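Notes for the structure review
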Amino acid sequence: MSFQRGDVVWGPDPFKSGENPRPWLILNNDSHPFDDEEYMTVTLTTTPHDDGIPLEDAVWVEGGMPRQSYASPWVVASPKHAAIVRRQGRLEESFVQTVVDALGTYLKPPTGD
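Residues numbered from 1 in each chain as written. Predicted model: local features only at pLDDT ≥ 70, side-chain atom pairs only at ≥ 80, totals over all residues. Heavy atoms only, no water.

1. Examining the overall build of the chain
To keep it simple, the criterion reads: Only DSSP runs of H or I reaching four residues or more are called helices, and only runs of E reaching two or more are called strands; each is numbered from the N terminus. Both definitions apply: the radius of gyration is a C-alpha atom measure, and the globule rule equals 2.2 Å times residues to the power 0.38. Think of it in three bands: residues with accessible area under 20% of the maximum for their type are buried, residues over 50% are exposed, and the middle band is partly exposed, with areas taken using a 1.4 Å probe on protein chains only. Working definition of accessibility: Shrake-Rupley area with a 1.4 Å probe, residue cover restricted to the visible protein chains. Here the positive residues are Lys and Arg and the negative ones are Asp and Glu; neither His nor the chain ends is included. All charge positions are set by atom: Lys at NZ, Arg at CZ, Asp at CG, Glu at CD.
Counting secondary structure elements, the chain contains 1 helix and 7 strands. In summary, the chain has a C-alpha radius of gyration of 14 Å against a globular reference of 13 Å for 113 residues, a match within 12%. Considering only C-alpha atoms, the chain reaches an extent of 45 × 35 × 30 Å along its principal axes. Of all 113 residues assigned to the chain, the portion counted as buried reaches 41%. On the chain, roughly 6,800 Å² of surface is accessible, and the fraction owed to carbon and sulfur atoms is 51%. The chain carries 9 positive and 17 negative side-chain charges, and their two centres are separated by 5 Å.

2. What about the pairing of strand 7 (residues 86–91)?
Side-chain direction in a regular strand flips from residue to residue, so the side chains alternate between the two faces of the sheet. Put simply, the rule is: What makes two strands pair is DSSP finding at least two bridges between them.
Note that strand 1 (residues 7–11) and strand 7 share 4 bridges and pair antiparallel. The partner of Val-8 across the bridge, within strand 7, is Gly-89. Of the pairings in the sheet, the one linking strand 5 (residues 60–63) to strand 7 comprises 3 bridges and is antiparallel in character. Bridge assignment links Glu-62 to a residue of strand 7, and that residue is Arg-90.

3. Some remarks on the pattern of salt bridges
Where charged atoms of side chains with opposite charge meet at close range, the side chains can pair. We count it as follows: What counts as a salt bridge is simple: a side-chain nitrogen of Lys or Arg found within 4 Å of a carboxyl oxygen of Asp or Glu.
For the structure shown, the criterion picks out 6 salt bridges. A salt bridge links Glu-93 to Arg-5; the nearest nitrogen and oxygen atoms lie 2.9 Å apart. Taken together, the residues Glu-93 in helix 1 (residues 93–105) and Arg-5 in the segment before strand 1 connect sequence positions 88 residues apart. A relative accessible area of 42% means that Glu-93 is categorised as partly exposed. Beyond isolated ion pairs, a larger network of salt bridges with shared partners links Asp-7, Glu-62, Arg-87 and Arg-90.

4. Regarding the nonpolar core
Put simply, the rule reads: Remark: nonpolar core denotes a set of buried residues (Ala, Val, Leu, Ile, Met, Phe, Trp, Tyr, Cys) joined through side-chain atoms within 4.5 Å. Any two residues having at least one pair of non-hydrogen atoms within 4.5 Å are treated as being in contact.
Leu-25, Leu-55, Leu-91, Phe-95 and Val-99 are the most contacted members of the largest nonpolar core, which has 18 residues in total. Going through the elements one at a time, strand 1, strand 3 (41–45), strand 4 (53–55) and helix 1 are the ones with two or more residues in this core. Top contributing element to this core by residue count: helix 1, with 5 residues. Once residues lying within four places of it in the same chain are set aside, the contact partners of Val-99 are Leu-25, Leu-27, Val-42, Ile-53, Ala-71 and Pro-73. Counting 8 residues, the second-largest nonpolar core is a separate cluster that includes Val-9, Ile-26, Val-75 and Ala-77.

5. Thoughts on the environment of Ser-94
If you trace the backbone, Ser-94 turns up in helix 1. Separated by 25 residues in the primary sequence, Ser-94 and Ser-69 have C-alpha atoms spaced 17 Å apart.

6. Quick word on the sheet that holds strand 4
Under the convention used in this document: Axis definition: a line fitted to C-alpha atoms, over the contacting stretch in the case of helices. Angles run 0 to 180 degrees between N-to-C directions.
As summarised here, the arrangement of the 7 strands in space is 4-6-3-2-1-7-5, forming an open sheet in which the pairing is antiparallel. This sheet does not close on itself; its edge strands, each paired only once, are strand 4 and strand 5. When strand polarity is set aside, the average angle formed by the axes of neighbouring strands in this sheet is 35°. Where strand 1 meets strand 2 (residues 22–26), 4 bridges bridge the pair, whose relative direction is antiparallel. Residue pairing in the sheet places Val-9 in a bridge with Trp-24 of strand 2.

Pasting the structure below:
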């Protein structure tokens, strides 16, 4: 089973060795060149950061989180399919697109002062 854009999955935590997996939101669509082997993701966290995007209960199409969580669009990873431990659920496309748009703001060329 491959995962799709909008799926929330648990996979490796690159920030803590030997720790339990962490949740990731899959952003890529099926045009990704390796869409059944690896994914473009951003992390989900329970730590509220100023630019974190809150996951409200209403954005879940299925599944959910036991605690208030936030998408961190500046924390991007590309986990392999084989490293995914389990699927937590799926988020609405409009929320996923909000995260993608926020990620894009970190990739734009700097503007001059």
